[in-house]
Amino acid sequence: GLKYAADKGLAVVIMEPLLGGCLANPPEKLRDIFKQAGDKTPADWALKWLWNKPEVGTVLSGMSSMEQVVQNLRSADESGVGTMGAEDMRVMAAAREIHEELHPIACTKCGYCMPCPNGVDIPRNFQLYNDAAVYEGNQAGLNRVLYYDCPEEKRASSCTACQECESKCPQNLKISEWMPKVHERFKRD
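Keep in mind the model is a prediction, meaning the values are calculated, not measured. (Residues numbered from 1 in each chain as written. Predicted model: local features only at pLDDT ≥ 70, side-chain atom pairs only at ≥ 80, totals over all residues. Heavy atoms only, no water.)

Chemist: It is not clear to me how the overall build of the chain should be interpreted in this structure. Could you clarify?
Modeler: The helix and strand inventory of the chain stands at eight helices and two strands. Starting at the N terminus, the α and β elements of the chain follow one another as α-β-α-α-β-α-α-α-α-α. Judged by the C-alpha coordinates and their principal axes, the chain covers about 50 × 40 × 30 Å. When contacts within the chain are restricted to residue pairs at least 6 apart in sequence, long-range pairs at least 24 apart make up 70% of them. Of the roughly 11100 Å² that the chain leaves accessible, carbon and sulfur atoms contribute 51%. (Helix = DSSP H or I, 4+ residues; strand = E, 2+ residues; numbered from the N terminus. Contact = heavy atoms within 4.5 Å. Areas by Shrake-Rupley, 256 points an atom, 1.4 Å probe, with all protein chains shown as cover.)

Set out below in structure tokens:
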């Protein structure tokens, strides 16, 4: 989509470049990839990767502190098309592979899929599922408890697969296909 828009002469604005903040504070396995590659933060790597693409016109990154504003400005100032070499791209490819492996559902918790006509809290269900996948062990058990602590209408089991949410999802997730998997993951024996 990015290259197609650029080929048509359309300016491309990137929204949620840090996956709703998830890439700013990734799991340890992902953080280790970036630490081994140098002193840039995970957020800096992600922003530089975007600014390296000639098709990107601007990047809209949410910031919640002045420190983050300064970091993002510095990152943009030091970035640009062609500033990432082959080794940098190798690091990003390895990071992407680990991120996808750790987070089976690429939900950023933006909430654009909401409100669900049946009351399902889609982002919360996906977060519980992903957290259980990333952290396993005690977290998986805790997330089962958290799933059943939600009112029944907010649980994945209440999804009727109407697909109303899917046209609103900027990640193009097949939400109606994921909801039964989420419920199955937390289903009581």
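Chemist: Got a minute to help me understand the layout of surface pockets in this structure?
Modeler: Empty space among the atoms becomes visible once a probe the size of a water molecule is rolled across them. Size it by volume and the largest pocket reaches roughly 980 Å³. Every residue lining the largest pocket is counted, 28 residues in all, and those nearest its centre are P17, L19, L23, W49 and R96. The biggest single contributor to the lining of the largest pocket is helix α5 (residues 86-102), with six residues. Looking at the lining of the largest pocket residue by residue, the class counts come to 19 nonpolar, five polar and four charged. (1 Å grid on protein atoms, 1.4 Å probe; cavity = no way out; pocket = protein on both sides within 12 Å on 5 of 7 lines; lining within 4 Å. Points joined across faces, edges and corners; volume = space filled by probe spheres on them. Nonpolar A, V, L, I, M, F, W, Y, C, P; charged D, E, K, R; others polar.)

Chemist: I'm lost on the side chain of E55 in this one. Help?
Modeler: Within the secondary structure layout, E55 lies in the loop between α3 (42-51) and β2 (56-60). K3 provides the closest opposite charge to the buried, unpaired E55, separated from it by 4.0 Å. Not counting chain neighbours up to four residues away, the residues in contact with E55 comprise L2, K3, A6 and V12. (Buried < 20%, exposed > 50% of the residue type's maximum accessible area, 1.4 Å probe, protein only. Lys, Arg positive; Asp, Glu negative; His and termini not counted. Salt bridge = Lys/Arg side-chain N within 4 Å of Asp/Glu carboxyl O.)

Chemist: Explanation requested: the pattern of salt bridges in the structure shown.
Modeler: Pairing of side chains with opposite charge becomes possible as their charged atoms draw close. If you walk through the whole model with that rule in mind, you get six salt bridges. Taking the shortest distance from any N to any O, the salt bridge between E78 and K48 comes out at 3.5 Å. Here E78, found in helix α4 (residues 66-78), pairs with K48, found in helix α3; they are 30 residues apart in sequence, far enough to count as distant. Among the salt bridges present, the one from E87 reaches R90, with a minimum N-O distance of 2.7 Å. Within this pair, E87 and its partner R90 are both found in helix α5, separated by three residues, close to a single helical turn. Residue classification places E87 among the partly exposed positions, given a relative accessible area of 48%. For R90, a relative accessible area of 49% puts it in the partly exposed group.

Chemist: Explanation requested: the nonpolar core in the structure shown.
Modeler: Here is a general trend for soluble globular proteins: nonpolar side chains tend to be buried in one another's company. Of all hydrophobic cores here, the largest spans 21 residues; its most connected members are I105, I122, F126, I175 and V182. Mapped by element, the contributors of at least two residues to this core are α6 (122-135), α7 (137-149) and α8 (175-186). Contact partners of I175, with chain neighbours within four places excluded, come to C113, I122, F126, C165, E166 and C169. (Core = buried A, V, L, I, M, F, W, Y, C linked by side-chain atoms within 4.5 Å.)

Chemist: Sorry if this is basic, but what is going on with empty space enclosed by the protein here?
Modeler: Following the criterion strictly, the structure yields two cavities of 30 Å³ or more and no others. A volume near 90 Å³ is recorded for the largest cavity. Along the wall of the largest cavity there are 16 residues; nearest its centre are C107, C110, C113, C169 and L173. For the lining of the largest cavity, the element with the most residues is α6, which contributes three residues. Of the residues contributing to the lining of the largest cavity, the split by class is 11 nonpolar, three polar and two charged. Approximately 70 Å³ is the volume found for the second largest cavity.

Bear in mind that shape data such as this cannot, by itself, settle questions of function.
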